[in-house]
Amino acid sequence: MTENGSRIVYVVGAGIAGLSLALFLERAGFTVLVLERARSIDPIGTGIQLSPNASRLLERLGLEPALARAGFEPEAIDVYGFGHKKPLAEVTLGQTARQRFGAAYRVIHRGDLAQILYEAARKRSRIEIALGARNIDMVRHSRGLTVSAELGDGSIHTGRPYALIGADGVHSEIRRKFMDGPEARYSGYVAWRATLGEAQLAAHLSLDHTSLCFGPGFHGVFYPLAARQLLNVVLSTKMPAKRAFADTPPTRPKIDPYYLKRSALFGALMKLMGDKWTFWPLNAVETQRWHDGQFLALVGDAAHAMLPFQAQGAAMGIEDAAVMARQLAGADSPGMAFEGYESERRRRVSEVQALSRRNGMIFHMPFPFSIARNAGAARRGGTAQLDDLAWIYGFDADQPPRRIPG
Ligand SMILES: Cc1cc2nc3c(=O)[nH]c(=O)nc-3n(C[C@H](O)[C@H](O)[C@H](O)COP(=O)(O)OP(=O)(O)OC[C@H]3O[C@@H](n4cnc5c(N)ncnc54)[C@H](O)[C@@H]3O)c2cc1C
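In every chain, residue numbers begin from 1 and rise along the written sequence. Selection of residues for local features in this predicted model requires a pLDDT of at least 70, selection of side-chain atom pairs for listing and counting requires 80 or more, and totals for whole chains, interfaces and linings are taken over all residues. Water and hydrogen atoms play no part in the side-chain values, which are based on all heavy atoms of the structure.

A.B. asks: What exactly am I supposed to notice about the site of the ligand here?
C.D. replies: The near set for a molecule or strand comprises every residue that places at least one heavy atom within 4 Å of it. In the region of the ligand, 30 residues are neighbours, and Glu-36, Gln-49, Arg-110, Glu-173 and Asp-301 sit closest. Whenever a nitrogen or oxygen atom comes within 3.5 Å of another N or O atom, the pair is scored as a polar contact, on the condition that within protein one atom can donate a hydrogen and the other can accept it, and that pairs from neighbouring residues in sequence are kept only if both atoms are in side chains. In the environment of the ligand, an oxygen atom lies 2.9 Å from a nitrogen or oxygen atom belonging to the backbone of Ala-17. At a separation of 2.9 Å, an oxygen atom of the ligand approaches a polar backbone atom of Gln-49. Side-chain classes follow a simple rule in which Ala, Val, Leu, Ile, Met, Phe, Trp, Tyr, Cys and Pro form the nonpolar group, Asp, Glu, Lys and Arg form the charged group, and the remainder, Gly included, forms the polar group. Residues of the shell around the ligand, tallied by class, amount to 16 nonpolar, seven polar and seven charged.

Put into C-alpha cells, the structure is as follows:
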C-alpha cells in the first residue's frame, strides 16, 4: 500500500468496531491500515442483536443484502416473568421496527457478521488488513506519530499515520499502554453462552421471536440464528470475582434447584446444556480519556465496554465508527476531530451504559419485588416499551447533530 501523505489512518483491532471504522473511513476518502493481532478473523461468541441504530449504518455501507441473507428479523421481543408460560409483554419488531426506525432489527451469528465486514473491507482497495500484527509501538515527535508493528510474516512495518485509533476491545493496549488509561473493571456478572438446535426449546418459546426471560438473580435471552438453524442462548448470573477468575473456571451456572423446578424453561435448558457452556466474565470500561488530543483515540469496547443487558455494545462501536470518520473528514487536525467525536458520543454512550446497568438489577429482581416489576411490564405493554427505546433505535450517527438556532 502506498501511504498518501497525511491521509492514512491506522486502526488497531479488526473486531466489529474496527472493521466498521475502516469501512466508514474509506467511504470518507481515507486510506486505512488495520492492524489485527489474531491470525484469522474468527470471533469468539455466538449471536448478536443488531438494533436499527446499528443496522442503518451497516446498510449505508452497502451491507444490507449480505446482512439480510445471514441475519433474521425477529417478529417481536417476548418478555417473560420467571416461570411464566406466556409473555408479560410483546415488543413488536419486524416490519414495525423497520417502519418506525427506518432500518431492520436483526439477529445474526457473530461469525457471519465478522465475515461480512471483513469481506467488505477486503474488497475496498484503500483498506489493508494486516493479520497477526503484534508488538505495536509508537513515538510522538514534532512532525507527528511514528508507529511500528511486527507483522504476521515476521517483517517490521513502520509508518507515519495521520491518526491511530484503538479498536482493540475491552482490554485495549492502546488505552492502557499508550494513553495511561485504566484496566477494565469486572462487573460482578458473568454471561453463559451457548447455541442449541433451533427446535430444542420449541415447547417453551416462540422460535421466530427474541425472548427475554427474567429470573431471581439471573436472566436468559434466546433468539434464532435462522441461517444456521440454531437457537442462541445467553444466561447471565452474578458471580464473585474470586470464582469468576479462579484457575479452574466454573463449567455451568449455579442456579438453585428449587428455581429450576419452578421454571420449565430454565429446567429444560440446564438439562440440555450440562457442562457445554461458554463462560464469559463481563467487564466494563470507564475511562476519562477517549483521545490524547493529538493522534490517538479509542472506539468501541476499548473506550466504553458495557454490560450487554441492553444489547448495545457493538451498536455503540458501530455508531462511534460513523461519527469518528465524519469528524476526521471534516476537521483540520485529528485532535480537533477527536474533540468533536467525544462531544457527540460521551453523553449518549454513558446513558446507554447506565440503562444496561439498570436492566441488570431489574431483570434479576427477586420475589416480592418481581411482582411489581412484572405488573409494570404487563401494564405498560410492548408498544410503550418500544417507545422507551426510540432514543436508542431511532438515532442516526451518520448525520451531524442538529444545532439549535440562536
Ligand atoms: C454475552 C454478550 C452478549 C452481547 N450481545 C450484544 C448484542 O446483542 N448487541 C450488541 O450490540 N452488542 C452485544 N454485546 C457487546 C459486543 O459483543 C461488544 O461490544 C463488541 O463485540 C465489541 O466490539 P469491539 O470491536 O469494540 O471489540 P472486540 O470485538 O473485542 O474486538 C477487538 C479486536 O482487537 C483485536 N486486538 C486486541 N488487542 C490487540 C492488539 N494489541 N493489537 C492488535 N489487535 C488487537 C482483537 O483480536 C479483536 O479482533 C454483547 C457482549 C456480550 C459479552
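This is not the end of the story, as more comes after the structure.
A.B. asks: So what exactly am I meant to see when it comes to the pattern of salt bridges here?
C.D. replies: Once their charged atoms are close, side chains differing in charge can pair, the charge on each being opposite to the other. The salt bridge definition used is simple: a Lys or Arg side-chain nitrogen within 4 Å of an Asp or Glu carboxyl oxygen. Applying the stated criterion across every chain, the model contains 25 salt bridges. Note that Arg-27 is salt-bridged to Asp-398, the shortest N-O span being 2.6 Å. Of the two residues, Arg-27 is situated in helix α1 (residues 16-27) and Asp-398 in the segment after α14 (390-393); the sequence distance between them amounts to 371 residues. Across the pair Arg-346 and Glu-342 runs a salt bridge, and its minimum N-O distance is 2.8 Å. Here Arg-346 and its partner Glu-342 are both found in helix α12 (residues 334-363), four residues apart, which amounts to about one turn of the helix. The exposure class assigned to Arg-346 is partly exposed, which follows from its relative accessible area of 27%. A 1.4 Å probe rolled over the protein chains alone gives each residue an accessible area, and that area as a share of the maximum for its type sets the label: buried under 20%, exposed over 50%, partly exposed in between. Taking the relative accessible area as the measure of exposure, Glu-342 reaches 15% and is therefore buried. Three or more residues joined by partner-sharing salt bridges are found here, namely Glu-59, Glu-64, Glu-73, Arg-98 and Arg-106. Segments assigned H or I by DSSP are reported as helices when at least four residues long, segments assigned E as strands when at least two residues long, and all are numbered from the N terminus.

A.B. asks: Honestly, the environment of Val-12 in this entry has me stumped. Any pointers?
C.D. replies: Here Val-12 is to be found in strand β1 (residues 8-12). In the structure, Val-12 is positioned 315 residues away from Gln-327 in sequence and 18 Å away in space, judged by C-alpha atoms. Note on contacts: a residue pair qualifies if any of its non-hydrogen atoms lie within 4.5 Å across the two residues. Other than its neighbours up to four places away in sequence, Val-12 contacts Leu-35, Ile-136, Leu-164, Ile-165, Gly-166, Ala-167, Asp-168 and Ile-174.

A.B. asks: Could you clarify how one ought to interpret the packing of helix α2 (residues 52-60) against helix α11 (residues 313-330) in this entry?
C.D. replies: When two helices pack together, their arrangement is captured by the angle between the axes and the distance separating the axes. Packing of α2 against α11 leaves a shortest axis separation of 9 Å and a crossing angle of 45°. Comparing the axis directions of α2 and α11 gives the class oblique. Pair α2 / α11 crosses with left-handed handedness. Contacts from Asn-53, Ala-54, Leu-57 and Leu-58 in α2 reach Ala-315, Met-316, Ile-318, Glu-319 and Ala-322 in α11. Tallied by class, the residues present in the contact of α2 with α11 amount to seven nonpolar, one polar and one charged. Axis lines are fitted through C-alpha atoms, for helices just across the contact stretch, and the angle between N-to-C directions can take any value from 0 to 180 degrees. Here roughly perpendicular refers to angles of 65 to 115 degrees, roughly parallel to angles under 35, roughly antiparallel to angles over 145, and oblique to all remaining angles. A crossing counts as left-handed when the near helix is turned anticlockwise from the far one by less than a right angle, and as right-handed when that turn is clockwise.

A.B. asks: Explain the sheet that holds strand β9 (residues 144-150) here, please?
C.D. replies: Pairing between the strands of a sheet comes from backbone hydrogen bonds, and it takes one of two forms, parallel or antiparallel. If you trace the three strands from one edge of the open sheet to the other, you get β8-β9-β10, paired in antiparallel fashion. A single partner strand is all that each edge strand has here, and the edge strands are β8 (134-141) and β10 (156-159). Neighbouring strand axes in the sheet, compared pairwise and without regard to direction, differ in orientation by 15° on average. Two elements, β9 and β10, share four bridges in a ladder whose sense is antiparallel. Bridged to Glu-150 within β10 is Ile-156. At least two bridges found by DSSP between two strands are what make those strands a pair.

A.B. asks: Help me understand the sheet that holds strand β2 (residues 31-36), please; the structure alone is not making it clear to me.
C.D. replies: Strand order across the open sheet formed by five strands is β7-β2-β1-β11-β17, with parallel pairing between neighbours. In this open sheet, the two edge strands, each paired with only one partner strand, are β7 (127-131) and β17 (296-298). Strand-to-strand twist across the sheet, computed as the mean angle between neighbouring axes with direction ignored, equals 20°. Relative to β2, β1 is paired through five bridges, and the arrangement is parallel. Its bridge partner being in β2, Val-9 is matched across the sheet by Val-32.

A.B. asks: Looking at this structure, I do not really get helix α4 (residues 94-101). What am I missing?
C.D. replies: Since there are 3.6 residues in each turn of an α-helix, residues three or four apart along the chain are aligned in direction. Burial in α4 covers these residues: Gly-94, Ala-97 and Phe-101. Angular distribution of buried residues about the axis of α4 spans 70°; they occupy a single face of the element. For α4, the exposed residues lying more than 90 degrees away from the buried face are Gln-95 and Gln-99. Contacts from the buried residues of α4 go to α2, α13 (369-388) and α14. Once α4 ends, the next one or two residues include Gly-102, with phi positive near 75°. Taken from the helix axis, the directions to the C-beta atoms give the arc we talk about.

A.B. asks: Would you mind showing me how to read the environment of Phe-363 here?
C.D. replies: By the element assignment, Phe-363 lies in helix α12. Assessed through its relative accessible area of 9%, Phe-363 is described here as buried. Sequence separation between Phe-363 and Ser-236 is 127 residues, and the spatial gap between their C-alpha atoms is 9.7 Å. Non-local contacts of Phe-363, meaning those with residues more than four positions away in its chain, are made with Leu-212, Phe-214, Gly-215, Phe-218, His-219, Phe-309 and Arg-373.

A.B. asks: Is there a simple way to explain the environment of Lys-254 in this structure?
C.D. replies: Looking at the secondary structure, you find Lys-254 in the loop between α7 (241-244) and α8 (257-262). The spacing of Lys-254 and Gly-154 is 100 residues in sequence and 45 Å in space, taken between C-alpha atoms.

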